[in-house]
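Descriptive analysis of the structure
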Amino acid sequence: LPDQNKYRTWKAANKEQSEHRHIPTMAGGGFATAAEGSARNYGDGITFSVVVTCLMAASCGLIFGYDASVTGGVTQMDSFLGKFFPEVLSGKKNAKIDAYCKYDNQWLTAFTSSFYITATMSSLVASRVTRRVGRQAIMLIGGMLFVAGSVINAAAVNIAMLIIGRLLLGFGIGFTLQAAPVYLSETAPAKWRGAFTSAYNAFVVIGLLSATVANYFTNRIEWGWRLSLGLAAVPGAIVVLGAFFVSDTPVSLVMRGHPDLARSALQRFRGPGADVDDEFKDIVCAVDVARQNDQGAFRRLFSKEYRQYLVIGAALPVFYEFTGMIVIGIFTPVLFRTVGFGSQKAILGSVINSATNLASTLLASFVMDRVGRKFLFIVGGLGMMLCEVAVSWIMADHLGKHEGVTMPLNYSTAVLVLICVCTFSFGLSWAPLRWVVPSEIYPVEVRSAGQAMSVSITLCISFVELQVFIALLCAMKYAVFLFYVAWLLAMTIFVIAFVPETKGVPLEAMRSAWARHWYWRRFVNKDAGNDNSHNPL
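To keep things clear, this report deals only with the structure shown in the data block. Note that this is a predicted model, so its numbers are computed, not measured. (Residues numbered from 1 in each chain as written. Predicted model: local features only at pLDDT ≥ 70, side-chain atom pairs only at ≥ 80, totals over all residues. Heavy atoms only, no water.)

1. Section: the overall build of the protein
Selection criterion: Secondary structure elements follow DSSP: runs of H or I no shorter than four residues count as helices, runs of E no shorter than two count as strands, and numbering proceeds from the N terminus. In this scheme, a residue with accessible area under 20% of its type's maximum is buried, one over 50% is exposed, and one in between is partly exposed, where area comes from a 1.4 Å probe on protein chains only. Two residues form a contact once any of their heavy atoms are found within 4.5 Å. The protein chains shown are the only cover counted for residues, whose accessible areas, like all others here, come from Shrake-Rupley with a 1.4 Å probe.
Along the backbone of the protein there are 28 helices and 2 strands. Here the protein holds 537 residues, and the buried ones make up 62% of them. Contacts spanning at least 24 positions in sequence make up 81% of the contacts within the protein whose residues lie at least 6 apart. Counting every atom, the protein has about 19,500 Å² of accessible surface; 65% of that belongs to carbon and sulfur.

2. Remarks on empty space enclosed by the protein
Rolled over the atoms, a probe sized like a water molecule indicates the empty space that remains. Selection criterion: Cavities and pockets were defined on a 1 Å grid built from protein atoms only: a cavity is a group of points that admits a 1.4 Å probe but offers it no way out, a pocket is an open group of points flanked by protein on both sides within 12 Å along at least five of seven lines, and a lining residue is one with an atom within 4 Å of any such point. Grid points are joined across faces, edges and corners, and a volume is the space filled by probe spheres set on the points. Residue polarity follows a fixed list, in which Ala, Val, Leu, Ile, Met, Phe, Trp, Tyr, Cys and Pro are nonpolar, Asp, Glu, Lys and Arg are charged, and the others, Gly among them, are polar.
One pass over the full model with this rule turns up 10 cavities of 30 Å³ or more. Counted as a void, the largest cavity has a volume near 310 Å³. Elements represented by at least two residues in the lining of the largest cavity include exactly helix H4 (60-74), helix H11 (193-218), helix H18 (307-321), helix H19 (325-330), helix H21 (343-371), helix H23 (409-428) and helix H24 (430-441). Among the elements that make up the lining of the largest cavity, the one with the highest residue count is H11 (5 residues). Looking at the lining of the largest cavity residue by residue, the class counts come to 13 nonpolar, 12 polar and 1 charged.

3. Some points on the packing of aromatic side chains
Test applied: Aromatic pairing here means that ring centres of Phe, Tyr or Trp (its six-membered ring) are within 6.5 Å. Orientation follows from the plane angle: under 30 degrees is stacked, over 60 is edge-to-face, and everything else is tilted. By definition here, charges over rings are those cases where NZ of Lys or CZ of Arg is within 6 Å of the ring centre and within 35 degrees of the ring normal.
As enumerated under the stated definition, the model contains 25 aromatic pairs in all. Consider the rings of Phe498 and Tyr519, whose centres lie 5.6 Å apart with planes at 85°: the pair is edge-to-face. Taken together, the positions of Phe498 in helix H26 (residues 479-498) and Tyr519 in the loop between helix H27 (511-515) and helix H28 (521-528) put the pair 21 residues apart, joining distant regions of the chain. Lying over the aromatic face of Phe84, Lys83 brings its terminal NZ or CZ to 5.9 Å of the ring centre. Looking at Arg434, its charged tip hangs above the ring of Tyr320, at a distance of 5.8 Å from the centre.

4. Details of the environment of Gly65
When you line up the elements, Gly65 lands in helix H4. For Gly65, a relative accessible area of 0% translates into the label buried. Between the C-alpha atoms of Gly65 and Gly207, which are 142 residues apart in sequence, the distance is 4.3 Å. Sequence-distant contacts of Gly65, defined by excluding residues within four places in its chain, comprise Val204, Gly207 and Leu208.

5. Regarding H24
Since the α-helix advances by 3.6 residues per turn, residues separated by three or four positions end up pointing in the same direction. Filter applied, for reference: Expected span, for any helix, means 1.5 Å times one less than how many residues it has.
With 12 residues, H24 should cover 16 Å at 1.5 Å per step; its first-to-last C-alpha distance of 16 Å lies within 8% of that length. Extensive coverage of H24 is indicated by the burial of 12 of its 12 residues. The complete set of buried residues in H24 reads Trp430, Ala431, Pro432, Leu433, Arg434, Trp435, Val436, Val437, Pro438, Ser439, Glu440 and Ile441.

6. Regarding the pattern of salt bridges
Opposite charge on two side chains lets them pair, provided their charged atoms get close. Heads up, the condition is: Any carboxyl oxygen of Asp or Glu within 4 Å of a side-chain nitrogen of Lys or Arg constitutes a salt bridge here.
What the rule picks out here adds up to 9 salt bridges. In this structure, the salt-bridge partner of Arg193 is Glu440, at a minimum N-O distance of 2.7 Å. Of this pair, Arg193 sits in helix H11 while Glu440 sits in helix H24; the two residues are 247 residues apart in sequence, bridging distant segments of the chain. For the pair Arg193 and Glu440, a shared accessibility class is recorded, and that class is buried. Residue Asp248 is joined to Arg256 by a salt bridge in which the shortest nitrogen-to-oxygen separation is 2.7 Å.

Below you can see the structure in the form of structure tokens.
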């Protein structure tokens, strides 16, 4: 690692003060102050610098959102299907084929889901690389790979080129997914960390909306699918340019042996007149604990003293995927075509749905740090549950009366309204909180590994789910929504029982949130009581 001698010299010069202030502890990860076991208050000021920096980092969400949405619209365009999947196009026009099965083609769904394979691998690689090159460099590399994949997709002349382009897009997504949410959580003031970190999801939704609007206008052009896929280079270029203008996080700079640069970055984020001594020394203490346990971060994450981080960090992405909203969001145009809308109206319905998602995401950014994470998890889960039950009932009622026939207008309009309400509930809760909570719960020594694990779980399940959703819709029809309802019930109960409230807790004092929890405190308290086993800095 660079500048280690400089870091050791700086640490020795500040060691005496640190000894009087903090005692590191591996109490389930992280550390507690010697004077207090609860969260410290570093101040909650918002500066122009931190706003601009966080917005630039959050713009990484644009590429994820655009890519996730553009494929759903492109895969129902006749010009695209005619060139690459003529059998699907002929099946669409065959009145004898069940409306729920017209898009059931594994190569077609592979085009949508293939990029999740490389995204998973690259997120795991990024967790190690980021410790050497920093989070800012990882975001830059991810943006450049995404631009390359966009160009190849726009120029594709066969399925092989489409898949290669998608795989490159996956590398870009995996790198930025691993780095951007953690970058935001490490940079934002503790009081407003939820709002700043959820900005990533806001940009994801802006990307979704941009893609659906692009599909709406390009759908009328014979080569419009090339334009839609090629326009993905625009958000990719925004990420690349943004990464050039942001500095790395103070935590990442300290970990790579640049304490002076780290302090300067922290001072710039908090304002020239802010007293950053307490926060900076806490960052250094947290990094020192991480250095003492630098090897085997993934192995440590699976050890008993890190059980709470493993359980929550693994459960949230699993539950997030099984809300059903990911596949619904990506395949919204296809779903609306299935229930009776024409091509243009199906994409217009997707635009309305994406706009609803954006409105709820912005609302979540404003209320998250006021009402807390758990409240939004619960409200959103219940809202999605009720809507998906209603959608299932409408589809079942239609099948009972009009077997094999496209839905009449009143049925399909009701499905559109309910999906929009379901999307609003999702955007208010699980959509932003999926990125906020995992990025803030991990102690620094396993933060990159934990984030990589959470992202990889999300991407792996996304790949499988996208690959089989159309087949499930064909086989299960309305019952596919009841499948997701069962998961929503389970995840809402889990959140109520096991997810701690992290609103307003500084990252370096996150242990206090676990210590207050009715179940996890038994692990934290048992380890915390053994402070004598740890050497002070």
